[in-house]
Amino acid sequence: MTSSLLPTYARADLAFERGDGAWLTTTTGERFLDFGGGIAVASLGYSHPHLTAALIEQGGKLWHTSNLFEIPQAERLARRLVEASFADYVFFTNSGAEAVEGAIKTARKYQSVSGHPEKFHAITFEGAFHGRTLATIAAGGNPKYIDGFGPKVEGFDPVPFGDVEAVKASIGPQTGAILVEPIQGEGGIRVPAPDFLRALRDLCDRHGLLLIFDEVQTGVGRTGKLFAYELFGVAPDIMAIAKGIGGGFPLGAFLTTREAGKGMTVGTHGTTFGGNPLATSIGDAVLDIVLAPGFIEHVALMGLKLKQSLAELKDRHPGVIAEIRGEGLMQGIAVRVPVNEFAVAARAEKILVIPAGENVARLLPPLIIGEEEIAEAIKRLDSACLRIERERDRRVGMEASVNGTPA
Ligand SMILES: *Cc1c(COP(=O)(O)O)cnc(C)c1O
């Protein structure tokens, strides 16, 4: 079928009609176990009654007013985010890239109003992903996303992820911030050494730099903490979130301390849609669930079970799986076959996973999953591994018969 959508995606030949919990049903009635969660977005799964109720209730009253007026729903969600984090202020956006872009602007403005307009550079990390706007592709540094889009936005200095010495060596008179994902998502679920973020915090404090965490993927419970920075015992000055906070509704935010945000005064930044009553009502409903007593603990526990079961899966299929890595319900399976081949095999077993860098299949299931879904996922991934092994045996057999040796 020809499509009128700009062909920037190689889409799988599947369309979904409805979802419930961790399950998606296609237009032809097939059911898939979704361990991709729409790329960590469907944090509470599909058709969560509390989110649906919030959507219908606010949807029947008022969707949009613009930021020229007070928005009580946004006030309330911002207050809850501030109370639950390091931050003093929140600015709502419609996507992750906009949240990161706002975070970068906040850091640049801070340095500028502090008398250092020259300190507009941020140290960034190889393998990072920060979004697809002109500034965030430059910050991410992936040439595939940068090439052909004109002069690269200035001011991003990439160093190897996890390399503190390289960060030190890279700090210069123009450096004003360090921008980092506490755990790299699209880069391949790369978890840094426990003391890496602490070392970045120390360098920032020593050199008057702002520490920006991109928690667009790791935030809102994903790693078994409300924010991944809690895992490492290090707070940033500015943080971007998005994906999970809207539970599937487009919503992002950047959070800042009073000090780091001191340059962001009336008129310096804005958005037409960001923080509208509908989006922030739904974000608020997501927090009702995520902040409920025991919920985050549930995520951490399910994360441990998932990791344990994946380790056993690796032991059963050492020829397919090289490594398991991640925190909470953000787990990566590093595979020895092309990761797209693995994703296709998984899809044939009716489970969805998300390819990432370093040949890693990402598992980002809804945070509401229980042991039954984990057991079912492992069963299906086991079948996917068997499928790959059978296919490989068949290929080896064919080569052997071509070479005239018996298979
Ligand atoms: C997905 C992602 C983004 C970009 O979010 P969009 O909503 O696609 O703009 C930025 N940073 C990280 C870490 C992400 O995972």
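Quick caveat: nothing in here was measured; it's all calculated off a predicted structure.

**Side note on the domain arrangement of the chain**
Next up, step 1: You can read the domains of the chain as domain 1 (16–34 + 295–403) and domain 2 (49–290).
Next up, step 2: Taking only C-alpha atoms, the centre of domain 1 and the centre of domain 2 are 29 Å apart.
Next up, step 3: Roughly 1,600 Å² is buried in total at the junction of domain 1 and domain 2, and carbon and sulfur atoms are behind 65% of that figure.
Next up, step 4: Contact with domain 2 buries area across many residues of domain 1, yet Ile296, Glu327 and Met330 alone supply 38% of it, more than any other trio.

**Quick notes on the site of the ligand**
Next up, step 1: As a structural note, the neighbourhood of the ligand is formed by Ser95, Gly96, Ala97, Phe129, His130, Gly131, Glu181, Asp214, Val216, Gln217 and Lys243.
Next up, step 2: One nitrogen or oxygen atom from the side chain of Lys243 is found 2.6 Å from an oxygen atom belonging to the ligand.
Next up, step 3: With the chains in place, 81% of the 390 Å² that the ligand exposes on its own is no longer accessible.
Next up, step 4: For the shell around the ligand, the per-class residue count stands at three nonpolar, five polar and three charged.

**As for the UniProt feature "binding site: pyridoxal 5'-phosphate" (unreviewed entry) in the chain**
Next up, step 1: According to UniProt, the "binding site: pyridoxal 5'-phosphate" (unreviewed entry) feature falls on Gly96, Ala97, Phe129, Asp214, Glu215, Val216, Gln217 and Thr272. Spatially, the listed residues are scattered: they cover 177 residues, and their C-alpha atoms lie as much as 25.2 Å apart.
Next up, step 2: Its location among the elements puts Phe129 in the loop between strand E5 (121–125) and helix H5 (134–140).
Next up, step 3: Assessed through its relative accessible area of 19%, Phe129 is described here as buried.
Next up, step 4: Non-local contacts of Phe129, meaning those with residues more than four positions away in its chain, are made with Tyr145, Glu181, Glu186 and Asp214.
Next up, step 5: Not counting residues up to four positions away in its chain, the partners in contact with Val216 are Gly96, Val100, Ala240, Ile241, Ala242, Lys243 and Gly244.

**Digging into the sheet that holds strand E10 (residues 252–256)**
Next up, step 1: Strands sit in the order E4-E10-E9-E8-E7-E5-E6 across an open sheet of seven strands; the sheet is mixed. Both outer strands of the open sheet, strand E4 (89–93) and strand E6 (156–159), are each paired with one neighbouring strand and no more. In this sheet, neighbouring strand axes are inclined to one another by 20° on average, regardless of whether the strands run parallel or antiparallel.
Next up, step 2: Bridge count for strand E9 (residues 238–241) against E10 is four bridges, and the pairing is antiparallel.

**Considering the nonpolar core**
Next up, step 1: Residues Phe125, Ile333, Phe342 and Leu381 are the most contacted members of the largest nonpolar core, which totals 91 residues.
Next up, step 2: Aside from chain neighbours lying at most four places away, what touches Leu381 is Leu310, Leu313, Ile333, Phe342, Ala346, Ile351, Val353 and Leu363.
Next up, step 3: Residues Ala103, Ala107, Ile238 and Phe254 belong to the second largest nonpolar core, which totals 20 residues.

**Quick look at the packing of aromatic side chains**
Next up, step 1: For the structure shown, the criterion picks out eight aromatic pairs.
Next up, step 2: By way of ring pairs, the aromatic residues Phe86, Phe227 and Tyr229 are connected into one cluster.
Next up, step 3: Stacked on the ring of Tyr145, the Lys or Arg Arg132 has its end atom at 3.7 Å from the ring centre.

**Description of the sheet that holds strand E2 (residues 23–26)**
Next up, step 1: With mixed pairing, the four strands of this open sheet are ordered in space as E1-E2-E3-E13. Of all strands in the sheet, those with a lone pairing partner are strand E1 (16–20) and strand E13 (351–352), marking the two edges.
Next up, step 2: When strand E3 (residues 31–34) meets E13, the two strands line up parallel, connected through two bridges. Bridged to Leu33 within E13 is Ile351.
Next up, step 3: Here helix H13 (residues 371–402) sits on the sheet in contact with E2, E3 and E13, set at roughly 105° to E3.

**Re the packing of helix H2 (residues 49–59) against helix H10 (residues 277–290)**
Next up, step 1: Contact geometry of H2 with H10 gives a least axis separation of 9 Å together with a crossing angle of 155°. By the angle between their directions, the pair H2 and H10 is classed as roughly antiparallel. In this structure, H2 meets H10 at a crossing whose hand is right-handed. Residues His50, Leu51, Ala54, Leu55, Gln58 and Gly59 of H2 form the contact with H10, whose own contacting residues are Pro277, Leu278, Ser281, Ile282, Ala285, Val286, Asp288 and Ile289.
Next up, step 2: Considering only residue class, the contact of H2 with H10 consists of nine nonpolar, four polar and one charged.

**Section: unusual backbone geometry**
Next up, step 1: Positive phi outside glycine occurs at Ile189, with the angle close to 45°.
Next up, step 2: When you line up the elements, Ile189 lands in the loop between strand E7 (175–180) and helix H8 (196–207).
Next up, step 3: Owing to a relative accessible area of 0%, Ile189 belongs among the buried residues under this scheme.
Next up, step 4: One non-glycine residue, Lys350, lies in the positive phi region at around 60°.
Next up, step 5: In this structure, Lys350 sits in the loop between helix H12 (339–348) and E13.

Rules of the game
- Throughout this document, residue positions are counted from 1 along each chain, in the order its sequence is written.
- Only residues with pLDDT of at least 70 get local features here, since the model is predicted, and only at 80 or more are side-chain atom pairs given and counted; chain-wide, interface and lining totals rely on the full set of residues.
- Excluded from the side-chain calculations are hydrogens and water; all other atoms, namely the structure's heavy atoms, are used.
- Domains are outlined according to an automatic or database domain assignment.
- Buried area, as used here, totals the accessible surface that two parts lose on assembly, with accessibility defined by a 1.4 Å probe and the loss added over both.
- Summary of the distance rule: residues count as near a molecule or strand when at least one heavy atom falls within 4 Å of that molecule or strand.
- Side-chain atoms alone can form a polar contact between residues adjacent in sequence; in general such a contact is a pair of N or O atoms within 3.5 Å, and within protein one must be able to donate a hydrogen while the other accepts it.
- Per-residue and other accessible areas were derived by the Shrake-Rupley procedure at a 1.4 Å probe size, with only the shown protein chains allowed to occlude residues.
- In the scheme used here, Gly and all other residues not listed as nonpolar or charged are polar, with Ala, Val, Leu, Ile, Met, Phe, Trp, Tyr, Cys and Pro taken as nonpolar and Asp, Glu, Lys and Arg as charged.
- UniProt positions are given in the numbering used here, feature names are shortened, and annotations may be inferred rather than shown by experiment.
- Each helix is a run of DSSP H or I of at least 4 residues and each strand a run of E of at least 2, with the numbering of both proceeding from the N terminus.
- For the exposure calls, accessible area comes from a 1.4 Å probe over protein chains only, and a residue counts as buried if that area is under 20% of its type's maximum, exposed if over 50%, partly exposed in between.
- We call two residues contacting when some pair of their heavy atoms lies within 4.5 Å.
- Strand pairing is defined by DSSP finding a minimum of two bridges between the two strands.
- Simply put, an axis is a line fit to the C-alpha atoms, just over the touching stretch for a helix, and the angle between two N-to-C directions goes from 0 to 180 degrees.
- Think of a nonpolar core as a cluster: buried Ala, Val, Leu, Ile, Met, Phe, Trp, Tyr and Cys residues, connected wherever their side-chain atoms sit within 4.5 Å.
- Stacked, tilted and edge-to-face are the three classes assigned to paired rings of Phe, Tyr and Trp, where Trp is represented by its six-membered ring and a pair needs centres within 6.5 Å; plane angles under 30 degrees give stacked, over 60 edge-to-face, the rest tilted.
- Geometrically, a charge over a ring is one whose NZ (Lys) or CZ (Arg) sits within 6 Å of the ring centre while staying within 35 degrees of the ring normal.
- Roughly parallel means an angle under 35 degrees; roughly antiparallel means over 145; roughly perpendicular covers 65 to 115; every other angle is labelled oblique.
- In a left-handed crossing the near helix is turned counterclockwise from the far helix by less than a right angle, and in a right-handed crossing that turn is clockwise.

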